[in-house]
Structure formats: structure tokens, C-alpha cells
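Spelled out from the first residue to the last, the chains are:
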Amino acid sequence: MFYREAGQFKSSYKEDQAIFPILQDRIGMGIILLIAFVGIPLFTGDYFIGAIMTPFLILALAAIGLNILTGYAGQISLGTGGFMAVGAFAAYKFATFTFTFGGFEGTMPLVITILLSGVMAALVGIMFGIPSLRIKGFYLAVATLAAQFFIEWVFIKVGWFTNYSPSGVITAPPLIIMGYEFDTAAEKYLFTLTFVAILALAAKNLVRSHIGRGWMAIRDMDIAAEIIGFKPLQTKLSAFAVSSFFCGVAGALWAFVHLGTVEPEAFGINRSFAILFMVIIGGMGSILGSFIGAAFIMLLPIFLNNVPPMIGWNIGVDMVAHLEFMVFGVLIIFFLIVEPHGLARLWTIGKEKLRTWPFPY
Amino acid sequence: MSLKKFVLGALGAAVLAAPFTAPAPAFAEDTLYLPKLVYRTGPFAPGGVPTANGAVDYWAMINERDGGVNGAKVIVEECEFGYNTDRGVECYERTKNKNNGALIYQPYSTGVTYALADRTRTDKIPLMTMGYGRADAGIGTAFPWVFPLMTNYWGQATGIVKYIGDQIGGLDNLKDKTIALVYLDIAYGKESIPIMETLSEKFGFTLKQYPVVFPGIEQKATWLQIRRAKPDYIVMWGWGAMNATAIKEAAKIRFPAENFIGNWWSGAEQDTVPAGDAAVGYKSATFSAAGKEFPVIKDIMTHVYGKGNGSGEENVGQVLYNRAVLTQVFIHAGILTAQEKYGVKAITSEQLRWGLENMKMDAAMAEKLGVAGMGPSISPTCEDHIGGGEFQIQQWDGKKWNIVSDKITPMNELVLPAMKESAENYLKEKGLEPASCS
Amino acid sequence: MLDFLFFVEVLLSGLLTGALYSLVALGFVLIFKASGVFNFAQGAMMLFAALSLVGVQEMLGVHWTIAFIITVGIMIALAWCVEKFVLGKLVNQEPIILFMATIGVTFFLDGFGQTIWGSDIKILDIGLPNGAFDVGGVFIDQLELVAGLTAGALVIILAIFFNKTKIGRALRAVADDHQAAMSVGISLRYIWIVVWTVAGLVGLVAGIMWGSKLGVQFSLSLIALKALPVLMLGGFTSIPGAIVGGLIIGAGEKLAEIYVGDLVGGAIENWFAYMLAMVFLLFRPQGLFGEKIIERV
């Protein structure tokens, strides 16, 4: 009744190819953005904004990055944490680098710092993507795992990256853009949200473009894609580059916005696994799925952890944690059985049903 | 209603009121709220469980015996984070505004300590990092909200070298000796390297470094190298599963256990018991004595376990348990000092900072709180968040840890300049002004 | 001369450590071979098996052999549950989905194992030797020697099992072609239960070896990460591959750590193992002994 596209005629190719061709989708998206940009900062507390939403958005950004590589281009990667670390440490190096240019002395603007750190991560990503031309499937995980462990090791060992801090920890400078400091939880959240919203939009457009179709062709069958003219070298490496760019920006945001002081272990192998889980459970080859997956993997355990005390069940915190693990495991299996192609698919199915509601045929 | 039930009830009510938002209804009576980040699960749980039990039992005893601190009930709330930094931050945000605001945090995790450094500064809540965390955090002007309250890793390294010097008849004899530094290759393990290098230059001993890959369950390569290098002493910066493995491997290469000295996170029952006979004679640094003979521990036995409460009797008197109790005693002393100065029972976190900066943990205070002989005397100031601090060397005899050395003071003339330099760097990178202490 | 002895010592100890990795990798291979599932839960299964062994031994106060038999029963029950509630519902799904399902199993087992048996370090002592030999100046760890021999014995037993028994032949048939095997009357469910049980038992043996070394604790499950390069180097489908891969990775990482690590600051073991595996894979993308990947358009 409400979700009906009848009568919405497209009279040009441009309209036909819009990201949200259906009016209701545009309205829905507008409402979501309105809630995210205005509603949440106005009506929720520091805990929700600072400890739930900000890390959720950053991890969702990393999940989008990995989804481009794994979901769209079909290359399994367990090096996400490593690429995030490159972003974080590169951002730190750029931010603490003082340059002099014709008598003008200063540091790089924050936004450029963060974007450049993404570019650094992209370069590193291309380097570790080269083996993907020869190694495929689960075996490819070995190359990205090598990246993960090697990158972590480099940041621990090479003092230059941490400006020779004795413990190998980097400290992010304050977030200042044109003299305005982002220091409350809500401001930091808005800062992150702006980045994530713009980059998610960019990702959505990218996967609908020629490049994105190339990735999907390679994913579905690389030999066939090669025969119809997609060059595997460029297609695979561009996927690695774009994916690592997103991960790098996410890493920089994690260091600068969320934590402030970071050690390389914040981007360890567990982070890589967690983000892969987000992509699989959310839905491979879906930008929306990256958000849903991040919510599932990050928020569900916290929610489960809050449930037993909420219903007045007096058990120790260790027991709560064990239960959280068990229920979380069971829910992963449950959702896979219900919808193996990820939670985003559930939403698609829901939309189909909504179209004919309340009079299905 | 037992304390545990009370705490859990309070927790339940709070969460029921708002599952994803933190503020909870205020209590009418005077209370002191001490949230405790714990890890009773996960790879570091063996060390996390006694630590958590010590803290929870201490405040249960205070509530039971004295009815709180000067009549203000202490509310302890545990939040499990499984040694996972992300969840630690979430726990902090979840608890910080409950019950009129958290007074202090003690994460017992290097990662969470780093992650909370900025947040506690913004929120004006002290962060107690007794015996861990940043080495330069003792500089109160740079880290006004962080309280190491004990000598740091750098001080500890100088003290251990001092002890080795004593063993061989003076620091001058270190000249032709070799000391191997075995450390876990993460931020925590690396903290000791610069000061050990300085020491090696100053006293002329050869320093050999052996990083162990995290989490330290496979160390064969390290010990083959050590066997070949034949060092005179081994100093270890380990944590978790790494320690017991290292102790066993050292015994296998027949390295004399009494020349193997761990830092204070490498010397607990959890490290030596799994290593079995291999651990007999192994030494470690410690700033808190193990054992059950201290009045405070006896009181915990009477008032908590004697009444059928408490969370882990087998941990009572263990190294990590007693260390956690001692940490709470310092907080207790800080609360008392603050209550006296401000004349209120339910102090705020900012008042507690003043209390911690001005408390005097001397013999009289230690006697009063039942910890005489259990830990160091300290008197921090606004500039100096360490306040003296000494430690001792303990040795494992196969059944328990025994103190085998006098109190050791670190070589502060080496440590302080390095701390100041590092703290200044931190302030510069953060773009912060030093806090005022006048 | 001394240096040569040291080299032999490092090589030998690397090979033995490698055999310990192989024990963990074997479990992965068995399951992948028979059901095409990359079993992320192998590390958790190993921990759970070892925890159960010690837990049963402590709880009932029985000799370890009896505890061992009870643990075998527990592992069979676990295999049945995995088949019944997880894999049986996900027949014919893509490999990555099955992989994700085993992650669910991992989370469940981590929580379940700790709920029942606690999170403390448990000491596992079934009388395995703990010291070290000194053969002409070469240092050999007795426990690792036992582990190496056990790994060898396990491979021989598994080889006999696969080649000479009826179940073994059925297993190979399923590995070759699910549908053809079903059409000749082999029950897929039964085979899966058998193979998960066998993988559980291999996990138990690996858990005993590593548990005697480190004590049974949560960190045991992290060893799965050391088995991954072994697995990839040897090929996901080859039992001999797991052994040879283990030996190459073990010896390679120890030699690298000692002779190269010194020059670059040490602690390179972890990433070196993966780099080594990657270099091998560049030449043989299906792993050393893996089945050749045939691509059709």
C-alpha cells in the first residue's frame, strides 16, 4: 500500500539509473539521514553516541571496504586490520609532520590527512594484492594474512612510524578543522558520520559503475571475465586499492576519533576476522549489508551482555559473558540457516513482500 | 540483602531502566560508585579472575565491616570486557554516569588504559594504573587524571638491575655480565627497552633482547638462542600464557631459575603453578606481598567468606589477589583524604583526584587500613603521581611466593628525566598545556 | 663446528615444533576433504576436547585413560550436534557460508566450554616427559619428540583408516563426489558425523600435546592461527600435505627467526610462516599436495 512503485515513470536514462529510483526509497533514505544527523545527536546520550554509534560507523566503513574486495570482487581478505593500521599510522605521521613552504609553516589539514592516509593504505593494499593474480579462493587468505602479520610487526618494530615513542603507541592530535575543535562525543560522531555517509555513497556509485561491474564479473568467473575483456590485473588490483582505501580511512578514524591513543594491537588479527564476519553475515555484495553486518557483529554482543541483568537475572558477569558467546554463536548459525545470503537479503525479501502488502497474490 | 545481590540488583534496575543509555536513577543515601572493568573470560582470564575477586571482596568487606567508607556505601559494579579493548571502552561509557558518576577506573589492561587516557581527561575521572600503563604517566602536570601510584616499568627495570647488582656484590661487577631481556612483543613489553639500554651503557653489561611473538605460546626459537648466548641473568617482561611457557622452557635449557627474574606481571601463582617443578626458585618483582597473614586479608576472610559470600576463596592471599586488594586500599586512602578535605561523604571524581594527590600512605595509614608491611609507602603530589614507591623481589618455592629482598628503590635519577622528556613530547603532540598545580 | 651443531639443533627443534602444528592442521584437512568445509572451529574444538579431558579427570577423579574414553564420547556427541543442527541444515551452500557457520560453532564452544569447565589454567599431566635430551650438544625437547612421533603415528593410522576400512573408502568416495557417493548408497550424514568425530579426536590428541606444554587454557585455541600457513602450504585436501607443510613451516620459521630475525629486530616468526607459504603457493596455487584446480568456462 505504501511501498508501491506503480505510476512512477522514468522518462530518461538518467532517471532510470538513479541510485534510488523509487520515491519511497528516497524518502526512507532522507529520514534515515535526518535521524542520523539530527535525531541521534539531539535525543540520545553520550553512551549511545560515543560507545555505540561512533565505533559502529567506523567498523561499518571498514566492512564496506572489505565488502568491495570480498563481496564484489570475490577476493577473500584477512588483512583488513593491517590495512586499517596503515591508515592509522599514516594519518599519525602526516598529522605530526610539520612542513615549511615559502615561509609558511604548518601541519596538514585534518581532512586531507585522513584521506591521504587512505591513499597510503591503498598503495600497501595493491602491493599485497599482487599474489591474488595467481592464488585464488581460501588460499588467497594466506597472502592477506601475511600482510596482516607483517604490517603489525613493522609498526611494532620500526620506531620511525611512532616518532620513536618508547612503547610504540601513537597519540592522535586533537581534531581541529579551521580552528574548530571537535571534542564532545556528539561532535566526533557527526565528524565520523559525515565521512561514512559520503564514502558509502561513493562506494554505492562505484559498484554500479563500469569498474564495479568488472569486479563482479571477475568474482563470478574470472576466466570468463578475462575473455570478454576485463583485464584481471587492473580489475583485481583496483579492488584491492579501493578496498584498502576505505579500510585505511576507517583505521585513521578509529585512531583519531574513537580511541585517541592506539597501539598496533588495536588492529590485530581479531579485527580482521570480525570485519570478515560482518561482511558475510550482513551480505556479500551489498553496501547496506555492511552496515547491518557491523551492527550484528558489534552491537549484538553488547546487547546480549545487557540482557540478563535487564531481566533481573542475578548471575555473575563471567556467566553473562559465556552466555553472550553461546547465544551469539547460535544466532549466527540461526541467521545463516534462515538466510544464507546475509541479512541484507532479508531486507530485499521484505521489500518484495511490502510491495504487494496488504493484498499479496 | 548481600552486597553482591545489592550490586546486581542495582545493576539490573539500572539496565532495565535504560538498556542502551547510561544515566540511572540517583540514590538517596550517600554512596561511592566504583565500577570495575574485569576480564573473567578470554585468553587472559587466569590473571583477570584473582584481580577481579580481590577488588570486589575488599569493598564487600568494607561495606560489611564498616558499613562503607565513613558511612558512605560503596557500590561496586563489574563490567566484563574479556581483555578486548573495544569492549573495555564500551564498559567505561556504559558505567561512567551511573550512580552519580564513577569515581575512578582501574582497567588492568594496557590497551584499555591507552584508550581511556583521552576520555578520562575529558570526563575528569581519575584512571588508576597501578603498576602498568604509560611509563611517563607519573608526571602529574602532563597526565593530571592518571595515577600509576607506584614506580613504573622504567623504575622497575632499574630496580631489577640494582637487585642483580646486589646479588653479585655491587653494580660495578655488572661490567662483564650479560643480561637477556625476554619480552612480549607488544607495547607493554617494549616499554622496558630504552631504559635497559641506558642501564647497559651506564654499567657496562651486555644487553641481549629477545622479543617473543604475541601471545607467547611458541617460544622455541627464543630459548634456543638464549641457550647458546648463555646470559648470566634473564629479565622477563611477560604476561598471560607466555610466562608459564617461558619458565618451563628455561628449565629445559637448564638455566638456573634463581637467575631468572620476571617483572611484577610475570610473577603470580597462575604463572608458576602450571610450570610445575620448573618454577621452583624462579623470582619476580612485586610491590605487594602475597599471603593471608595481613589484617585486611583476615578481615576479608571473616566478613566476606565467613558469611558465605565472596567470589573465589581459592584466590585469597595469591599475588594478584593481594595486589588488587592493595590497589583498593590506595583508593580507600584517597577517598578518606578527600572526604576529610571537602567534608562530604559522597565525594566526586574531581575530589577524589585531590584525595589521591594528597594522601599519605605512611606506616600509620597502612596500620589503620590493615595493610602494614603489605606494600610500599607512598605520598603523591599534584606534580608527582608516583609518590616514591619501592618494590621487592619474591621467589617461588614450589608452594608459595616468599619475599627474598629488601625494599628496592628505583634509580630515579635515570628514570625521571626520561619520563619528563616523554611527557613533554606527549603534550606537544596532543597540543595540550601542562596542568597547573598551584 | 659449534655453529653447525647449533644449526642442526634449530632445524631439529623447528621440525618437531612443525609436527606439533601439523597435529592441529590435520583436523582442518580431514573436515575439508570430506565436506568441503573450512572449519574455523578446529582450534575451539581442540580447546574444548582438552578442557573436557582435564575437567572429567578432575570431576570424577578417574585415571586419564577413562577420562579419555569419556571425552571421546563427548566429541562424538559434538560431531552429531554439529551435523544435526548446523551442517545438515546448510547442505549445498557456498563454502564461505559453511565457513561462517563454523564461526558460530566456535563462539558457542568458547562460551560453552568455559561455562562448564571454567576459565582457569588447568594442568594436564598424563605422564608425558617434560625434560630435554642433550645428544652430543644438540638439544632435543622430549615432549616435542613424543609429539612428533604421535603425529607420525596418527598419519599412519589415518592412512590405514582411509585406505583399508569400509568407512574410509566411503569417506574418500564422498570427498571425490558427493552425489555419486550418495547414489551408491553412502549416507552423507553418517559420513559427516564420522569425519567430524575423527577431526575431534585429532583435536583431542593435539590438545593433549599442547596442553601438556602450556597447561589447558583459552590461549590454546590461538594455536589454530599457527596451523593456517601449514594448511595452506600443504594443500587443504592432503593429509601428507599437512605433515610436510608443518615440517617446512616449523623449520622455516625457526631458522628465519634465529638467522634472519636477529638482523631485523626479531619476532618475525608469525609473518614469516605466512610469507613462506605464500611463496610456495605462487608456484603451486593449490598447495604442495592439493588437488589440481581445474577451471572450466
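Keep in mind it's a predicted model, so treat the numbers as computed, not measured.

Caption draft 1: Spotlight on the overall build of chain C. In terms of regular secondary structure, chain C is built from eleven helices and two strands. Helices and strands in chain C line up, N terminus first, as α-α-α-α-β-β-α-α-α-α-α-α-α. The C-alpha radius of gyration computed for chain C amounts to 19 Å, which stays within 12% of the reference 19 Å derived for 297 residues, consistent with globular compactness. Along the longest, intermediate and shortest principal axes, the C-alpha atoms of chain C span 65 × 60 × 35 Å. Taking contacts inside chain C between residues at least 6 apart in sequence as the whole, the part at least 24 apart equals 74%.

Caption draft 2: Up close: the overall build of chain B. A count of helices and strands for chain B gives 15 helices and eleven strands. Relative to a compact globule of 438 residues, whose C-alpha radius of gyration would be 22 Å, chain B shows 21 Å and is just as compact. Here the C-alpha coordinates of chain B stretch approximately 65 × 50 × 45 Å along the principal axes. Considering only intrachain contacts with a sequence separation of at least 6, the fraction spanning at least 24 residues in chain B is 70%.

Caption draft 3: Structural detail: unusual backbone geometry. Residues and elements named next belong to chain B. Backbone torsion omega between Phe214 and Pro215 reads 0°, so that peptide bond is classified as cis. If you trace the backbone, Pro215 turns up in the loop between strand 6 (206-212) and helix 8 (220-229). Within the chain, Lys230 stands out as a residue other than glycine whose phi angle is a positive 45°. Tracing the backbone shows Lys230 in the loop between helix 8 and strand 7 (233-237). The phi dihedral of Arg254 is positive, around 60°, even though this residue is not glycine. Turning to its location among the elements, Arg254 is positioned in the loop between helix 9 (241-252) and strand 8 (260-262). For Arg254, a count of 12 C-beta atoms within 10 Å corresponds to the exposed category.

Caption draft 4: Looking closely at the nonpolar core. A:Val142, A:Phe246 and C:Ala50 are the most contacted members of the largest nonpolar core, which has 377 residues in total. Taken domain by domain, this core gets at least three of its residues from each of domain 1 (3-151 + 292-390) and domain 2 (153-286 + 392-418) of chain B. In this structure, C:Ala50 is in contact with C:Leu124, C:Leu204, C:Gly207, C:Ile208, C:Gly211, C:Val216 and C:Leu220, ignoring residues within four places of it in sequence.

Caption draft 5: Representation of the domain arrangement of chain B. All names here are of chain B. Each assigned domain of chain B is listed with its residue range as follows: domain 1 (3-151 + 292-390) and domain 2 (153-286 + 392-418). Each of domain 1 and domain 2 has a C-alpha centre, and the two are 29 Å apart. Contacts between domain 1 and domain 2 engage 13 residues on the former and 21 residues on the latter. Those elements that provide at least two residues to the side of domain 1 that touches domain 2 are helix 2 (45-66) and helix 12 (319-342). Across the side of domain 1 that touches domain 2, the residue classes tally to six nonpolar, six polar and one charged.

Caption draft 6: Highlighting helix 10 (residues 232-259) of chain A. Between its first and last C-alpha atoms helix 10 of chain A spans 38 Å; for 28 residues at 1.5 Å apiece the expected length is 40 Å, and the two agree. Once helix 10 of chain A ends, the next one or two residues include A:Gly260, with phi positive near 90°.

Caption draft 7: View of the packing of helix 3 (residues 46-72) of chain A against helix 12 (residues 287-310) of chain A. All names here are of chain A. Their axes nearest at 8 Å, the elements helix 3 and helix 12 cross at an angle of 130°. On the basis of the axis angle, helix 3 is oblique to helix 12. You can see that helix 3 and helix 12 cross each other, and the crossing is right-handed. Contacts between helix 3 and helix 12 involve Ile52, Pro55, Phe56, Leu59, Ala60, Ala63, Ile64 and Asn67 from the first element and Ile287, Gly289, Ser290, Phe291, Gly293, Ala294, Ala295, Met298 and Leu299 from the second. For the contact of helix 3 with helix 12, the per-class residue count stands at 13 nonpolar, four polar and no charged.

Caption draft 8: Representation of the pairing of strand 9 (residues 283-286) of chain B in the model. Residue and element names in this part refer to chain B. Alternating positions in strand 9 separate into two faces, Lys283 and Ala285 on one and Ser284 and Thr286 on the other, with burial throughout. Where strand 8 lies against strand 9, two bridges are found, and the strand directions are parallel. From the neighbouring strand, Gly262 faces strand 9, where its bridge partner is Ser284. When strand 9 meets strand 10 (residues 392-396), the two strands line up antiparallel, connected through four bridges. The residue of strand 10 that forms the bridge with Ala285 is Ile393.

Caption draft 9: Region of interest: the interface of chain B and chain C. Opposite the 29 residues of chain B that make contact, chain C presents 29 residues. For the side of chain B that touches chain C, the secondary-structure elements that each account for two or more residues are helix 2, strand 6, helix 8 and helix 9 of chain B. Sorting elements by how many residues they give to the side of chain B that touches chain C places helix 8 of chain B first, with six residues. Class assignment for the residues of the side of chain B that touches chain C results in 16 nonpolar, six polar and seven charged.

Caption draft 10: Just the interface of chain A and chain B, in detail. Contact residues are listed per partner, giving 37 residues for chain A and 43 residues for chain B. For the side of chain A that touches chain B, the elements supplying multiple residues, two or more each, are helix 3, strand 6 (261-262), helix 12 and helix 13 (317-338) of chain A. For the side of chain A that touches chain B, the element with the most residues is helix 3 of chain A, which contributes seven residues. Along the lines of polarity and charge, the residues of the side of chain A that touches chain B split into 19 nonpolar, 13 polar and five charged.

Caption draft 11: Spatial organisation of the environment of B:Phe391. All names here are of chain B. The residue Phe391 is located in the loop between helix 14 (363-368) and strand 10 in this model. Placed 18 residues apart in sequence, Phe391 and Thr409 show a C-alpha to C-alpha distance of 6.9 Å. Once residues within four sequence positions are removed from consideration, Phe391 is found in contact with Thr151, Gln156, Gly159, Trp264, Ala285, Thr286, Phe287, Pro376 and Ile408.

Caption draft 12: Highlighting the sheet that holds strand 8 of chain B. All names here are of chain B. Strand order in the open sheet made by the seven strands is 6-5-7-8-9-10-11, with mixed pairing throughout. Looking at which strands have only one partner, the edges of the open sheet turn out to be strand 6 and strand 11 (401-403). Strand-to-strand twist in this sheet, taken as the mean axis angle between neighbours without regard to direction, amounts to 25°. Of the pairings in the sheet, the one linking strand 5 (residues 178-184) to strand 6 comprises seven bridges and is parallel in character. Each bridged residue has a counterpart across the sheet, and for Tyr183 the counterpart in strand 6 is Pro211.

Caption draft 13: Inspection of the confidence of the model for chain C at higher detail. Residue and element names in this part refer to chain C. In the predicted model, chain C carries a mean pLDDT of 88, and the fraction of residues at 70 or more is 99%. Summarising per-element confidence for chain C, the mean pLDDT is lowest in strand 1 (residues 132-135) (80) and highest in helix 3 (residues 64-86) (93). The complex model carries a pTM of 0.91, and its ipTM stands at 0.90.

Caption draft 14: Looking closely at the confidence of the model for chain B. The pLDDT averaged across chain B works out to 88; a share of 94% of its residues lies at or above 70. Every residue in residues 1-27 of chain B is under pLDDT 50, and counting partners more than four places away or in other chains gives 48 contacts.

Caption draft 15: Just the packing of helix 12 of chain B against helix 13 (residues 349-358) of chain B, in detail. All names here are of chain B. Put simply, helix 12 and helix 13 touch, their axes get as near as 7 Å, and they point 110° apart. Considering their axes alone, helix 12 and helix 13 lie roughly perpendicular with respect to each other. In this structure, the crossing between helix 12 and helix 13 has a hand that is right-handed. Across from Gly334, Ile335, Thr337, Ala338, Lys341 and Tyr342 in helix 12, the residues of helix 13 making contact are Gln351, Leu352, Trp354, Gly355, Leu356 and Asn358. Partitioned by chemical class, the residues of the contact of helix 12 with helix 13 number six nonpolar, five polar and one charged.

Caption draft 16: Broad picture of helix 8 (residues 210-220) of chain A. All names here are of chain A. Residues of helix 8 that are buried: Gly212, Gly214, Trp215, Ile218 and Arg219. Buried residues in helix 8, looked at end-on, bunch into an arc of 155°, giving them a common side. Seen from the buried face of helix 8, the exposed residues on the opposite side, beyond 90 degrees, are His210 and Asp220. Against the buried residues of helix 8 lie helix 3, helix 7 (185-207), helix 9 (222-227) and helix 10.

Conventions used here
- Residues numbered from 1 in each chain as written.
- Chains lettered and ligands numbered in written order.
- Predicted model: local features only at pLDDT ≥ 70, side-chain atom pairs only at ≥ 80, totals over all residues.
- Helix = DSSP H or I, 4+ residues; strand = E, 2+ residues; numbered from the N terminus.
- Rg over C-alpha atoms; globule rule 2.2 N^0.38 Å.
- Contact = placed C-beta atoms within 7 Å.
- Buried ≥ 20, exposed ≤ 12 C-beta atoms within 10 Å, placed from the backbone.
- Core = buried A, V, L, I, M, F, W, Y, C linked by C-beta atoms within 7 Å.
- Domains from an automatic or database assignment.
- Nonpolar A, V, L, I, M, F, W, Y, C, P; charged D, E, K, R; others polar.
- Expected span 1.5 Å × (residues − 1).
- Axes fitted to C-alpha atoms, helices over the stretch in contact; angles between N-to-C directions.
- Parallel < 35°, antiparallel > 145°, perpendicular 65-115°, else oblique.
- Left-handed = near helix turned anticlockwise from the far one by under 90°.
- Pairing = 2+ DSSP bridges.
- pLDDT = per-residue confidence, 0-100.
- Arc of directions from axis to C-beta.

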